[in-house]
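# Residue-level structural notes
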Amino acid sequence: MGLIQDFQDIGSVAKSALLRRSLPQTKFYIFGTGRCGSTLLVGLLNCHSAISCDPEILSSRSRVPKATLFKRVYHCPTSVYGFKLLMYHMTDVHRMKAPIHFLNWLEQQNFRVVYLRRKKRLQHAISLVVSAKRQVLHQRKSDRAIELQPVQIDPASVLETVAKFEANYQSELELLKQVPHLPLVYEEHLADSQQHQTTSNLVFDYLGLTSEPVEAKLRKIISPDLSQSILNYEEVMTAISQSKYAQLLT
């Protein structure tokens, strides 16, 4: 974001505060690493009439991320506001030296935390590499289905992404030791569409809401069988088996 946008965000928040504009009764954020299923969860939660959950509002650099966030909070049209916060927003985009300070500030502002992670961390990393190669991150059910072909990927890119995701995972666990949260696991709570309503109800209850029907707006674009998505599957698996991340194959 540019300097003008930063000043506009500060001005918007200051004006809202001066006017004593009311804040949503409940605030929360979905925390995790990219490709963890957070976009799917945002869509499910937005099916509730009381929730307005933003996507990655901090994915562009701002000198005043707190103002960027609260500009959205003050203009929330519902009683519950949420947004998606990924590790790279803090570490890479906003270059926060101590992300825990930002999480502590969010806690002071009474934000609740939904922590979403993936158990199959190798598939998690490969999902990002394959999606980047295809240049398709998501497909909406309402759009015409695109037939996605298997792609050849660079084993070095996979190992680099695995390393980044493993570091993120350890950082997430360390950060959340000090932050109360609702833990969710993609494979247990979101991978099967039959779990979507039950999982959404868990979050609704955590936010003090009653249940409302949900429906996913995205279709899966990567097969659980990675060999169906990767042309050089054996080459990639061999590279991983010979690396320090070989345990992720089990």
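Our structure's up above, just so we're on the same page.
Residues numbered from 1 in each chain as written. Predicted model: local features only at pLDDT ≥ 70, side-chain atom pairs only at ≥ 80, totals over all residues. Heavy atoms only, no water.

Bringing the nonpolar core into the picture now. Judged by nonpolar contacts, the single largest core of 27 residues is most densely connected at Y29, F31, L69, F83, L85 and L106. Elements with a contribution of two residues or more to this core: β1 (26–32), α3 (65–74), β3 (80–86), α4 (87–93), α5 (99–108), β4 (111–117) and α7 (155–176). Counting residues per element, this core draws most heavily on α5, at five residues. Every residue in contact with L85, bar those within four places of it in the chain, is listed here: Y29, I30, F31, G32, L58, M90, F102, L103 and L106. (Core = buried A, V, L, I, M, F, W, Y, C linked by side-chain atoms within 4.5 Å. Buried < 20%, exposed > 50% of the residue type's maximum accessible area, 1.4 Å probe, protein only. Helix = DSSP H or I, 4+ residues; strand = E, 2+ residues; numbered from the N terminus. Contact = heavy atoms within 4.5 Å.)

What follows covers the layout of surface pockets. A volume near 950 Å³ is recorded for the largest pocket. Taken together, 43 residues make up the lining of the largest pocket; nearest its centre are R35, G37, R118, S127 and Y186. Counting residues per element, the ones that place at least two in the lining of the largest pocket are α2 (38–45), β3, α4, α6 (121–134), α7, α8 (186–189) and β7 (218–219). Grouping the amino acids of the lining of the largest pocket by side-chain chemistry returns 17 nonpolar, 15 polar and 11 charged. Empty space within the second largest pocket amounts to approximately 170 Å³. Considering the residues around the second largest pocket, the lining is formed by T39, L40, V42, G43, N46, P55, K84, R140, K217 and L218. For the lining of the second largest pocket, the element with the highest residue contribution is α2, accounting for four residues. (1 Å grid on protein atoms, 1.4 Å probe; cavity = no way out; pocket = protein on both sides within 12 Å on 5 of 7 lines; lining within 4 Å. Points joined across faces, edges and corners; volume = space filled by probe spheres on them. Nonpolar A, V, L, I, M, F, W, Y, C, P; charged D, E, K, R; others polar.)

Pairing in this open sheet of five strands is parallel, and the strands run β2-β3-β1-β4-β6 from one edge to the other. Strands with a single pairing partner mark the edges of an open sheet, and in this sheet they are β2 (51–53) and β6 (182–185). Going across the sheet, the axis of each strand differs from the next one's by a mean of 20°, ignoring polarity. Two strands pair when backbone bridges link them, and β1 and β3 are joined in this way by seven bridges, in the parallel orientation. The residue bridging Y29 from the neighbouring strand is F83, located in β3. Most of the contacts of α2 go to β1, to which it runs at about 155°, and overall it touches β1, β2, β3, β4 and β6. Against the sheet, helix α9 (residues 196–206) makes contact with β2, β4 and β6, and its axis sits at roughly 170° relative to β6, the strand it touches most. (Pairing = 2+ DSSP bridges. Axes fitted to C-alpha atoms, helices over the stretch in contact; angles between N-to-C directions.)

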